[in-house]
Amino acid sequence: MRVRDCMTAPVQVIGPDAPAWEALGLMRRHRIRRLPVTDGEVLVGIVTWTDVVRVQPPAVGGQWQIPTLSVGVLVRHLMTPQPLTIDPDAPLEEAAALMRERKIGGLPVASAGRLVGIITESDVFDVFAEIFRTAEHEARFHLTVGSVSVELPRIVAALARAGIPIASLQTARARGAEGIYLVVHERDRRRARDVIGRLALEIAFEGGGEP
């Protein structure tokens, strides 16, 4: 899956010379937490909700006047210049790894220097949740295996011989362990468990009640 498949586009943007209160208003209105900053079509920075709400502009006037974001604070004063970007054709996992490594919540997506979208940690989480979602009429199994390349063909062949269609299938490698996640229709749950059990694999049942 590529970044372009998951990013938000078109994206709300703001100019560097816009007042900070305008950025705050845009984020509130569109319920977003970051705005790419563009000068014409060129991406020059990014400003976040945290950047804006933590600003402490100098007090003006008498003792009882409360300073506000309208007091000369511009987006260029708050933004992160030359932000890290990612290409729309980059793998989704590359975007996730970059955000985790840099401890940031989103990445502008740029192609040939032109802003084409934005991808956030929420977008990545939504994709993850959708991939591993199990419908009410489905049953999901997690199989811990020594080698996906060895066991996956055996599992698929065994289920095919038994006439059990696979609704969804993913593989994963995490913390030194390899696993296979597969989803079958609820009506095939018991038969699928029996078939997989005969392959002597460790099974964790993850949906639709007790197996």
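Residues numbered from 1 in each chain as written. Predicted model: local features only at pLDDT ≥ 70, side-chain atom pairs only at ≥ 80, totals over all residues. Heavy atoms only, no water.

**Overview of the overall build of the protein chain**
The test is simple: Strands are runs of DSSP state E lasting at least 2 residues, helices are runs of H or I lasting at least 4, and numbering of each runs from the N terminus. Type-normalised accessible area, obtained with a 1.4 Å probe on protein chains alone, sets the label of each residue: buried when under 20%, exposed when over 50%, and partly exposed for intermediate values. Note on definitions: a residue-residue contact is assigned when non-hydrogen atoms from the two residues lie within 4.5 Å. Areas reported as accessible are Shrake-Rupley estimates using a 1.4 Å probe. Residue values count occlusion only from the protein chains shown.
Regarding its fold elements, the protein chain presents seven helices and nine strands. A total of 211 residues make up the protein chain; the buried ones form 40% of that total. Taking contacts inside the protein chain between residues at least 6 apart in sequence as the whole, the part at least 24 apart equals 58%. About 12,600 Å² of surface is accessible on the protein chain, with carbon and sulfur atoms providing 51% of the total.

**A look at the side chain of Arg34**
Note the following rule: The charge count treats Lys and Arg as positive and Asp and Glu as negative. His and the chain ends do not count. Basic side-chain nitrogens of Lys or Arg form a salt bridge, by our definition, when they fall within 4 Å of a carboxyl oxygen of Asp or Glu.
Within the element layout of this structure, Arg34 appears in strand S1 (residues 34-39). Despite its burial, Arg34 remains without a salt bridge, the nearest opposite charge being carried by Glu121 at 5.0 Å. Leave out the neighbours within four places in its chain, and Arg34 touches Met27, Ile46, Val47, Thr48, Gly105, Gly106, Ile118 and Thr120.

**Quick notes on the pattern of salt bridges**
Applying the stated criterion across every chain yields a total of five salt bridges. Arg189 is the salt-bridge partner of Glu186, the closest N and O atoms lying 2.7 Å from each other.

**Some details on helix H5 (residues 121-131)**
The condition that has to hold: Regarding the arc, it is the one traced by the directions from the helix axis to the C-beta atoms.
Those residues of H5 that sit buried are Asp123, Val124 and Val127. Projected down its long axis, H5 carries its buried residues within an arc of 100 degrees, all on one side. Elements in contact with the buried residues of H5: helix H4 (92-102) and strand S5 (114-120).

**Notes on unusual backbone geometry**
Going from Ala9 to Pro10, the amide bond is cis rather than trans, its omega being -5 degrees. Note on placement: Pro10 falls in the segment before helix H1 (20-30). At Arg31, a residue that is not glycine, the phi angle is positive and equals roughly 55 degrees. Relative to the elements of secondary structure, Arg31 occurs in the loop between H1 and S1. The class of Arg31 is exposed, set by a relative accessible area of 80%.

**Brief notes about the nonpolar core**
Rules: Among buried residues, those of type Ala, Val, Leu, Ile, Met, Phe, Trp, Tyr and Cys that are joined through side-chain atoms within 4.5 Å constitute a nonpolar core.
Core analysis: the largest hydrophobic core is formed by 17 residues, its most contacted members being Leu143, Ile155, Leu159, Ile180, Leu182 and Val184. The set of elements that each furnish at least two residues to this core consists of strand S6 (138-145), helix H6 (148-161), strand S8 (177-185) and helix H7 (189-197). Once you skip the residues sitting within four places of it in the chain, Ile155 turns out to touch Leu143, Ile180, Leu182, Leu199 and Leu201. Ile14, Ala23, Leu26 and Val55 belong to the second largest nonpolar core, which has 16 residues in total.

**So, the environment of Arg28**
With respect to the helices, strands and loops of the structure, Arg28 is situated in helix H1. For the pair Arg28 and Trp49, spaced 21 residues apart in sequence, the C-alpha separation works out to 9.0 Å.

**Let's talk about the side chain of Asp123**
Here Asp123 is to be found in helix H5. For the buried Asp123, which has no salt bridge, the nearest side chain bearing the opposite charge is Arg34, at an N-O separation of 7.6 Å. Apart from the residues within four sequence positions on either side, Asp123 is in contact with Cys6, Thr8 and Ile118.

**Notes on the pairing of strand S7 (residues 168-174)**
This is how the line gets drawn: Strands are treated as partners if at least two bridges between them are detected by DSSP.
Relative to S8, S7 runs antiparallel, the two sharing seven bridges. Note that in S8 the partner of Ser168 across the bridge is Val183. Hairpin connection from S7 to S8: two residues lie between these consecutive antiparallel strands, with Arg175 at a positive phi of about 50 degrees.

**Remarks on the confidence of the model for the protein chain**
As a reminder of what qualifies: pLDDT expresses, on a scale from 0 to 100, how confident the predictor is about each individual residue.
With 88% of its residues at a pLDDT of 70 or more, the protein chain shows a mean pLDDT of 84. The secondary structure element of the protein chain with the lowest average pLDDT is strand S9 (residues 202-205), at 53, and the one with the highest is S1, at 93. Segment residues 58-67 is flagged for pLDDT under 50; beyond a separation of four residues in sequence, or across chains, it makes six contacts in the model. For residues 205-211, every residue scores under 50 in pLDDT, and the model assigns this stretch 20 contacts once sequence neighbours within four places are set aside.

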